[in-house]
Every structure is written in structure tokens, then in C-alpha cells.
Amino acid sequence: MPTAIQKLMIDNLHRVFGERDPEKRRAAIAEIVADDIVFSDPEGVVVGADAVDAKIDELLAGAPGFVFSETGPARESQDLGLLTWGFGPAGEPPVVTGIDVATVVDGRIATLHTILTND
């Protein structure tokens, strides 16, 4: 059974980043990430739950039919969570792969760093 941090990482991948229904995604964001989350990826840094929601909306709009999948187990150390993932057309190999590293504070993701791993 996953720990609380491992569950946060899995829920963040599927219920936040993978959720195409904006209302469901916003509800998941309110539950899973801190209001003042700091999210960084190769494109830059955004701050706040609303900014993360907007970024996800743009990502999903540009990739119709793409889904996120876990490519390994969620891991944790102290207040850090780590999850490897793929993103691509449903039922096909991922087009993009990456690693999410999160800091958890008070049961919610406070910082999230996305590192792309496909060369």
C-alpha cells in the first residue's frame, strides 16, 4: 500500500496533470497541491495553484489523446516524493518521459520539479 507521499505523487500525475475535466482538475489541485505551489519545468517556473492549472490546461489542449502513465513506483525520502512517468497517445509508447520531484508540506505538494528524461 502506498504511503501518503507516494499517493500524492500518483494522484498528482493522474488527477491533476492528467485530468482533462477542468472542474475535476481544480478540485484535485485544491486537495493535492499548496495554494502557493512553486512548479518548475524546462520551460520555467510558475507560482500558485491557478498558474499550475493554466499551465496544465495549455499542455493538455496541445496534446489531444495523450495520457500520463507511471513508468515506475512512486518513491519517497523524508518530505520528498519522486515519480517517473510517460506522456503519449493512449495505448502507445510515451512520446515524452520525465521525473517529478516534490516537496510535501502539511500533506500537500509545496514544490514540484519536472525533469524531462527522453533524449
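Definitions and limits used
- Residues numbered from 1 in each chain as written.
- Predicted model: local features only at pLDDT ≥ 70, side-chain atom pairs only at ≥ 80, totals over all residues.
- Heavy atoms only, no water.
- Helix = DSSP H or I, 4+ residues; strand = E, 2+ residues; numbered from the N terminus.
- Rg over C-alpha atoms; globule rule 2.2 N^0.38 Å.
- Buried < 20%, exposed > 50% of the residue type's maximum accessible area, 1.4 Å probe, protein only.
- Contact = heavy atoms within 4.5 Å.
- Areas by Shrake-Rupley, 256 points an atom, 1.4 Å probe, with all protein chains shown as cover.
- Lys, Arg positive; Asp, Glu negative; His and termini not counted.
- Charge placed at Lys NZ, Arg CZ, Asp CG, Glu CD.
- Pairing = 2+ DSSP bridges.
- Core = buried A, V, L, I, M, F, W, Y, C linked by side-chain atoms within 4.5 Å.

Enquirer: I'd like a description of the overall build of the protein chain, backed by residues and values.
Expert: Counting its regular elements, the protein chain contains 3 helices and 7 strands. Listing the helices and strands of the protein chain from first to last along the sequence gives α-α-β-β-α-β-β-β-β-β. Here the C-alpha atoms of the protein chain give a radius of gyration of 13 Å, agreeing with the 14 Å that 2.2 N^0.38 yields for 119 residues. Judged by the C-alpha coordinates and their principal axes, the protein chain covers about 35 × 30 × 25 Å. In the protein chain, which comprises 119 residues, the proportion classed as buried is 36%. Restricting the contact set of the protein chain to residue pairs at least 6 apart, pairs at least 24 apart contribute 43%. Counting every atom, the protein chain has about 6600 Å² of accessible surface; 56% of that belongs to carbon and sulfur. When the 9 basic and 20 acidic side-chain charges of the protein chain are each reduced to a single mean position, those positions are 4 Å apart.

Enquirer: For the pairing of strand β5 (residues 80-89), give the residues involved together with the corresponding values.
Expert: In terms of strand pairing, strand β3 (residues 66-70) meets β5 through 5 bridges, oriented antiparallel. Across the sheet, residue E70 finds its bridge partner in β5, namely W85. Note: strand β4 (residues 75-77) against β5, 3 bridges, orientation antiparallel. Bridge pairing in β5 places S77 opposite L80. Connecting β4 to the antiparallel partner β5 that follows it, the hairpin turn spans 2 residues, and Q78 within it adopts a positive phi of roughly 55°. Across 8 bridges, β5 lies against strand β6 (residues 96-105) in antiparallel orientation. Bridging across to β6, W85 finds its partner in G98. Connecting the antiparallel pair β5 and β6 is a turn made up of 6 residues, with G91 showing a positive phi of about 80°.

Enquirer: Outline the nonpolar core, listing residues and values.
Expert: Core analysis: the largest hydrophobic core is formed by 26 residues, its most contacted members being V16, F17, I32, V33, F68, I109 and L112. Listed by contribution, the elements that provide at least two residues to this core are α1 (4-17), α2 (22-32), β1 (33-41), α3 (49-61), β5, β6 and β7 (108-116). Ranked by residues supplied to this core, first place goes to α1 with 6 residues. The contacts of L112, once residues within four sequence positions are left out, are N12, F17, I37, V38, F39, S40, D100, V101 and A102.

From the geometry alone we can't say anything about function, so treat these as descriptive.
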